[in-house]
Structure formats: structure tokens, C-alpha cells
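If you want the building blocks of each chain, they are given just below.
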Amino acid sequence: MKDQSFDKQAFLAQTPLFQSLPPDQHQALAQIAIAQSYRKGEVLFWEGEDESVGFFIVISGRVKVFKQSPLGKEQILQIFAASQHFAEVPAFDGQPFPASAAALESTQVLFFPRTAFVALMQAHPNIAITLLGIFARHLRWLALMVEDLSLKDVPQRLAAYLLYLSDSPQGTLEQVELDITKGQLAAFLGTIPETLSRVFAKLSSEGVLEIEGARIRLLDLSRLRALAGMSE
């Protein structure tokens, strides 16, 4: 991606991370941001190996952040799409990345170098205040993820994920569409594809949902919410 073909300032003005900032700060951020492109499967950084020298905002495509065991088992921590940001915390504590990141498809990102961004925060303290709110929300998300992985079984995690999709702009109360493979979904839910397939089959046989490829019809929202531990 060439910088001349992309209006970084306009893009940053509509991202959740920076949209509350004034135009002059969008301009300052655009001046330090570096546009980067990655092919499907290409790694942005490796856990514990690459020095954390900045953070990213996705322009287009999707990035998975994951951890991998010595035996190769993968746990997807989160998937980031357009306008979402990641790797902020390691960019500021100076430690190596605590997880790895790779492109799920052809992906473009904006990279913010740590040194330049810290200097910008010193000049514009309200940027730092904005990031404090982001870090607080990230800590809440991590607490929920630990709860899901440690206290909920696979059917509960799947039900919660499907309900999350139904509440997204791409879904409806009656139908969702998986934007990742079932293998990737299994890794995201902390299980293996075979177990996930059995859970899908069980929920389908019980009339809770109906599967048509990547499209999933939610036939019994009450059962799904009860399974996920959500109140009506």
C-alpha cells in the first residue's frame, strides 16, 4: 500500500480509538503512522521473539492474535477487523509481544512507532487519556475471556459467540454468518475442531440452530441465551 493512495487522516478520524480527538491531532497521528500490507497467513510478529516497537490499527482485512504451545496447538485470543487496534500494551511497556499475530487474509494496517507516539502523547496529553480508557476496557475483556475459558464449557462458549455475532452489524437475531473457518473458531473457543463439530451437531439435532455452510440460522434464541448464561 502506498501512502499517497490512502487518506490516513480521514481514516483515523472515524476510528473508535481516535474519533474523539480534534482534526489537528488526527493530522499529527497521520504523520507518524506507517501503512503496511500483509499477505494471507503472513506473521506480523511472533510472541517473545519480536521486540514490541509499536501498535497497529487495521485498515482492511483481518488479523488474529494467538498463542501457540510448543506442540503447535493454537489458541486464538482475538480477531481484529477494520478500524480495530491491537498490541498497544506491549508497545508501551517495552516488553516483547506476549502473543503472536498473523493476517487471516490480505490485510492492510497502520503501524504507530512507539517512540514517535510517546512523543506525540507528551505534546497532546488527551491522547494518553484516551488510551487509558482503552486499556481499562482491554482489562475487562481479558477478565471475561479468562472466565469463559476456565468456567464455561464448549457449548456455553459457542452459544455466547453466536449471540455476539447476532448482535453485530453483520448478523441478525435469526441468522449469523461465520467469517472465520470452523478450525479457527475452535481455536478461538479453546477447543479442537472435532469437539466443536460434535457441539454443532448436538445443537442442530436439538433444534437450537441450523447449519448451512458458513451460515447459521438461530432457531431457538431462548435456549441459546440460557445455554450462554444470559438473561432474557
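A short tour of the structure in this document, coming up. Predicted, not measured: the structure shown is a model, and the values here were computed from it.

1. Some points on the overall build of the protein chain
Phase 1 of the analysis: Along the protein chain, the regular secondary structure elements total nine helices and eleven strands.
Phase 2 of the analysis: For the protein chain, the residues scored as buried account for 42% of the 232 residues in total.
Phase 3 of the analysis: The contacts in the protein chain between residues at least 6 apart in sequence include a share of 70% that link residues at least 24 apart.
Phase 4 of the analysis: For the protein chain, the exposed surface amounts to about 12,200 Å²; the carbon and sulfur share of it is 55%.

2. So, the environment of D153
Phase 1 of the analysis: Along the chain, the position of D153 falls in the loop between α5 (125-151) and α6 (154-166).
Phase 2 of the analysis: Measuring from C-alpha to C-alpha, the distance between D153 and T191 comes to 9.6 Å, with 38 residues separating the pair along the chain.

3. Topic: the packing of aromatic side chains
Phase 1 of the analysis: For the structure on display, the rule yields 14 aromatic pairs.
Phase 2 of the analysis: Grouping aromatic residues by their ring pairs yields a cluster made of F45, F56, F80, F86, F97 and F111.
Phase 3 of the analysis: In this arrangement the basic side chain of K64 is found over the ring face of F66, its NZ or CZ atom lying 4.9 Å from the centre.
Phase 4 of the analysis: Over the aromatic face of F200 sits the side chain of K182, whose NZ or CZ is 5.4 Å from the ring centroid.

4. A short note on the packing of helix α2 (residues 23-32) against helix α4 (residues 114-123)
Phase 1 of the analysis: Orientation of α2 relative to α4, taken along the N-to-C sense of each, is 160°, at an axis distance of 10 Å. Relative to α4, the element α2 lies roughly antiparallel. Note that α2 runs across α4; the crossing there is right-handed. Taking contact as the criterion, the partners of A28, L29 and I32 in α2 are, on α4, A116, F117 and L120.

5. Considerations on the environment of E51
Phase 1 of the analysis: In this fold, E51 is placed in the loop between β2 (43-45) and β3 (54-60).
Phase 2 of the analysis: Separated by 46 residues in the primary sequence, E51 and F97 have C-alpha atoms spaced 6.7 Å apart.

6. With respect to the sheet that holds strand β10 (residues 209-212)
Phase 1 of the analysis: Spatial strand order, β9-β11-β10: three strands in an open sheet with antiparallel pairing. Because the sheet does not close on itself, it has two edges, and the strands there are β9 (175-177) and β10. On average, each strand axis in the sheet is inclined to that of its neighbour by 20°, with strand direction left out of account.
Phase 2 of the analysis: In terms of strand pairing, β10 meets strand β11 (residues 215-218) through four bridges, oriented antiparallel. Bridging from a neighbouring strand, L209 pairs with L218 of β11.
Phase 3 of the analysis: Contacting β9, β10 and β11, α6 runs over the sheet at an angle of about 95° to β9.

7. Here we look at the packing of α6 against helix α9 (residues 221-228)
Helix packing for two helices is described by the angle between their axes and how far apart those axes are.
Phase 1 of the analysis: In the contact formed by α6 and α9, the axes pass within 8 Å of each other and the chain directions differ by 125°. Our classification of the angle between α6 and α9 gives oblique. In this structure, the crossing between α6 and α9 has a hand that is left-handed. Residues P155, Q156, A159, A160, L162 and L163 of α6 form the contact with α9, whose participating residues are L221, L224, R225, L227 and A228.
Phase 2 of the analysis: When the residues that make up the contact of α6 with α9 are grouped by side-chain class, the tally is nine nonpolar, one polar and one charged.

8. Observations regarding the pattern of salt bridges
Phase 1 of the analysis: In this structure the tally under the stated criterion is eight salt bridges.
Phase 2 of the analysis: Its salt-bridge partner being E210, residue R217 comes within 2.8 Å of it at the nearest N-O pair.

9. Re the environment of V89
Phase 1 of the analysis: Position of V89 among the secondary structure elements: in helix α3 (residues 88-93).
Phase 2 of the analysis: Overall, the relative accessible area of 35% leaves V89 in the partly exposed class.

Conventions we followed
Residues numbered from 1 in each chain as written. Predicted model: local features only at pLDDT ≥ 70, side-chain atom pairs only at ≥ 80, totals over all residues. Heavy atoms only, no water. Helix = DSSP H or I, 4+ residues; strand = E, 2+ residues; numbered from the N terminus. Buried < 20%, exposed > 50% of the residue type's maximum accessible area, 1.4 Å probe, protein only. Contact = heavy atoms within 4.5 Å. Areas by Shrake-Rupley, 256 points an atom, 1.4 Å probe, with all protein chains shown as cover. Phe/Tyr/Trp six-rings, centres within 6.5 Å; stacked < 30°, edge-to-face > 60°. Lys NZ or Arg CZ within 6 Å of the ring centre and 35° of its normal. Axes fitted to C-alpha atoms, helices over the stretch in contact; angles between N-to-C directions. Parallel < 35°, antiparallel > 145°, perpendicular 65-115°, else oblique. Left-handed = near helix turned anticlockwise from the far one by under 90°. Pairing = 2+ DSSP bridges. Nonpolar A, V, L, I, M, F, W, Y, C, P; charged D, E, K, R; others polar. Salt bridge = Lys/Arg side-chain N within 4 Å of Asp/Glu carboxyl O.

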